[in-house]
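Examining the three-dimensional arrangement
So you can see what is in the structure, the chains are spelled out below.
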Amino acid sequence: MTLTHRALAVLASLCWGLNVIAIHISLEHFPPLFLAGARFLLLALPAVIFVPWPGVRLRHLLGFGLGTGTVQFVGLYLGMAAGLPAGVASLVLTCAAPLTLVLGVILLREPMSGSAAAGAGLALGGLALAGWARGGGGGEWAPFLLVLLGAVGWAAGTLASRRAQAEDPLALVLWMAVVPPVPLLGLSLVVEGPEEIRDALAASISWQAAPAWAGLTYTVLVGSLLAPVVWVWLLRRHPAGTVAPYSMLVPVVGLVAAWALLGERPAGLELVGAVLVVAGVLVGGRRRPRTE
């Protein structure tokens, strides 16, 4: 990779790492399920109008949208709204990578190499340690488990996108946004209720709500458009094994940004767990050189 391409990989990771900060700010004003639904609705409308159909089977698109778009963000937004710190949420979502390997073995009968198995075990062990630090020491397990559910949804959606075999991955990502608004906004009406949604929208027409709107704008334009476009562009020019390790910057950026901007201070065991998660994903993503 050239220096410019490395800088772009770092930029995409920084954008995703700061995404949890933007979500945290938006959640201070909007109900979580409504916020997640609005995020994808704002993406879905231009996708339907301007982006051609990605040419994949409908069931694969639905699986991608329900897993990555719906389950992931139901878990992430509800978990953060229930009190899981933004930095820890960023760490938990990182475990979507080893979870994808595990689900691939279980659901698709995909082989798993020894290094992949070791990496998955190391990462999931680090996740368990971070979870114990968060919930086992007298804290609450529910927010942690909700975000973990989001990571499982992301992993399942990744398998569906892999089965889709889209010729234009960017079109697939944008059309995926068409799926989540209906279940997310439907859940919002049932769980949060029209009154809470109406009150939040009414109160949003004020300068006090400007940070929440800025956070929503960031998640749509930067977290869901700019970063994925840069990532897909890089993956078209370099092997996945060259680009993927840069994603390990995401939880690091999330933890540091949450500490610097939100005053979150992770416990010692959470930091140890974070190191194990990052190390596990790196080990699992290693590829042995081919021998002729």
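Residues numbered from 1 in each chain as written. Predicted model: local features only at pLDDT ≥ 70, side-chain atom pairs only at ≥ 80, totals over all residues. Heavy atoms only, no water.

Structural notes on the packing of aromatic side chains
Put simply, the test is: Pairing of aromatic rings covers Phe, Tyr and the six-membered ring of Trp, with a centre-to-centre limit of 6.5 Å; geometry is then stacked below 30 degrees between planes, edge-to-face above 60, and tilted otherwise. Strands here mean DSSP runs of E at least two residues long; helices mean DSSP runs of H or I at least four residues long; both are numbered from the N terminus. Buried residues are those whose accessible area, probed at 1.4 Å on protein chains only, stays under 20% of the maximum for their type, while exposed residues exceed 50% and partly exposed ones sit between those limits. Two conditions define a charge sitting above a ring: the NZ of Lys or the CZ of Arg must be within 6 Å of the ring centre, and it must be within 35 degrees of the ring normal.
If you walk through the whole model with that rule in mind, you get six aromatic pairs. Judged by centre distance (5.2 Å) and plane angle (70 degrees), the rings of F40 and F73 are edge-to-face. Placement of F40 in helix α2 (residues 32-50) and of F73 in helix α3 (residues 58-81) is noted, with a sequence separation of 33 residues between them. Across the pair, exposure class does not vary: F40 and F73 are buried alike. The interplanar angle of 75 degrees and the centroid separation of 5.2 Å between the aromatic rings of W53 and W175 together place this pair among those described as edge-to-face. Taken together, the residues span a long stretch of sequence, with W53 in the loop between α2 and α3 and W175 in helix α8 (residues 169-176) at a distance of 122 residues. Taking the relative accessible area as the measure of exposure, W175 reaches 14% and is therefore buried. A network of ring pairs unites the aromatic residues F30, F34 and W213 as a single cluster. When the ring centre of F40 is taken as reference, the NZ or CZ atom of R39 above it lies at 5.8 Å.

A short note on the side chain of S90
Selection criterion: By definition, residues are in contact when any of their heavy atoms lie within 4.5 Å.
Here S90 lies in helix α4 (residues 86-94). With relative accessibility at 4%, the residue S90 sits in the buried group. In this structure S90 touches V20, V250, P251 and G254, once residues within four positions along its chain are discounted.

Some details on a nonpolar patch on the surface
Stated precisely, the cut-off is as follows: Grouping into patches uses exposed residues only, defined as over 30% relative accessible area, and leaves out salt-bridged ones; the cut-off is 9 Å for like charges and 5 Å for nonpolar side chains (Val, Leu, Ile, Met, Phe, Trp, Tyr). We get accessible surface area from the Shrake-Rupley algorithm with a probe of 1.4 Å; when it comes to residues, only the shown protein chains can shield them. By salt bridge we mean one thing: a side-chain nitrogen of Lys or Arg within 4 Å of a carboxyl oxygen of Asp or Glu.
Together, W53, L58, L62 and L66 make up a nonpolar patch on the protein surface, roughly 380 Å² of accessible area in all. Assignment of secondary structure puts L66 in helix α3. Residue class for L66 comes out partly exposed when judged on its relative accessible area of 41%.

Digging into the packing of α3 against helix α9 (residues 181-203)
For the record, the criterion: Axis definition: a line fitted to C-alpha atoms, limited for helices to the stretch in contact. Angles are taken between N-to-C directions and run from 0 to 180 degrees. Orientation labels follow simple angle bins: below 35 degrees gives roughly parallel, above 145 gives roughly antiparallel, 65 to 115 gives roughly perpendicular, and whatever is left gives oblique. The handedness criterion is simple: a crossing whose near helix is rotated anticlockwise from the far helix by less than a right angle is left-handed, and one whose near helix is rotated clockwise is right-handed. Gly falls in the polar group here, along with every residue not listed as nonpolar (Ala, Val, Leu, Ile, Met, Phe, Trp, Tyr, Cys, Pro) or charged (Asp, Glu, Lys, Arg).
With their axes 9 Å apart at the nearest point, α3 and α9 run at an angle of 25 degrees to one another. The angle between the axes of α3 and α9 places the two elements in the roughly parallel class. Relative to α9, α3 is oriented so that their crossing is right-handed. On α9, the residues touching L66, G69, T70 and V74 of α3 are P183, L184 and L187. For the contact of α3 with α9, the class distribution of residues is five nonpolar, two polar and no charged.

Notes on the confidence of the model for the chain
This is how the line gets drawn: A score between 0 and 100, pLDDT records how confident the predictor is in each residue.
Mean pLDDT over the chain works out to 84, with 91% of the residues at or above the 70 mark. Averaged pLDDT values over the elements of the chain bottom out at 62 in helix α11 (residues 240-243) and peak at 94 in α9. Predicted confidence is poor over residues 288-292, with pLDDT under 50, and the contacts of this stretch with residues over four places away or in other chains come to zero contacts.

As for helix α1 (residues 3-27)
Where we set the bar: Multiplying 1.5 Å by the helix residue count minus one yields the expected span of that helix. What is called the bend at a residue is the angle between a pair of axes, fitted to the seven residues leading up to and ending at it and to the seven starting from it.
The terminal C-alpha atoms of α1, which comprises 25 residues, lie 37 Å apart, in line with the 36 Å expected from a rise of 1.5 Å per residue. Bending of α1 peaks at approximately 30 degrees at the position of N19.

So, the environment of S206
Inclusion rule: Here a polar contact is taken to be a pair of N or O atoms separated by no more than 3.5 Å, where protein atoms must pair a possible hydrogen donor with a possible acceptor and residues adjacent in sequence count only if both atoms sit in side chains.
With respect to the helices and strands, the residue S206 is situated in the loop between α9 and α10 (210-237). Classification of S206 as partly exposed rests on a relative accessible area of 30%. Counting along the chain gives 132 residues from S206 to V74, while the straight-line C-alpha distance between them is 27 Å. Of note is the side chain of S206, whose polar atom sits 3.0 Å from the backbone oxygen of A203.

Overview of the side chain of S204
Among the structural elements, S204 can be located in the loop between α9 and α10. Exposure remark for S204: the relative accessible area of 5% places this residue in the buried category. Non-local contacts of S204, meaning those with residues more than four positions away in its chain, are made with H29, F30, A209 and W213.

Some points on the nonpolar core
We count it as follows: Grouping buried Ala, Val, Leu, Ile, Met, Phe, Trp, Tyr and Cys residues that are joined through side-chain atoms within 4.5 Å yields what is termed a nonpolar core.
In this structure, F40, L76, Y77, M80, V147 and L172 are the most contacted members of the largest nonpolar core, which totals 59 residues. Contact partners of L76, with chain neighbours within four places excluded, come to I23, A89, L93, L146 and V147. With nine residues, the next largest nonpolar core counts A9, A12, A227 and L234 among its residues.

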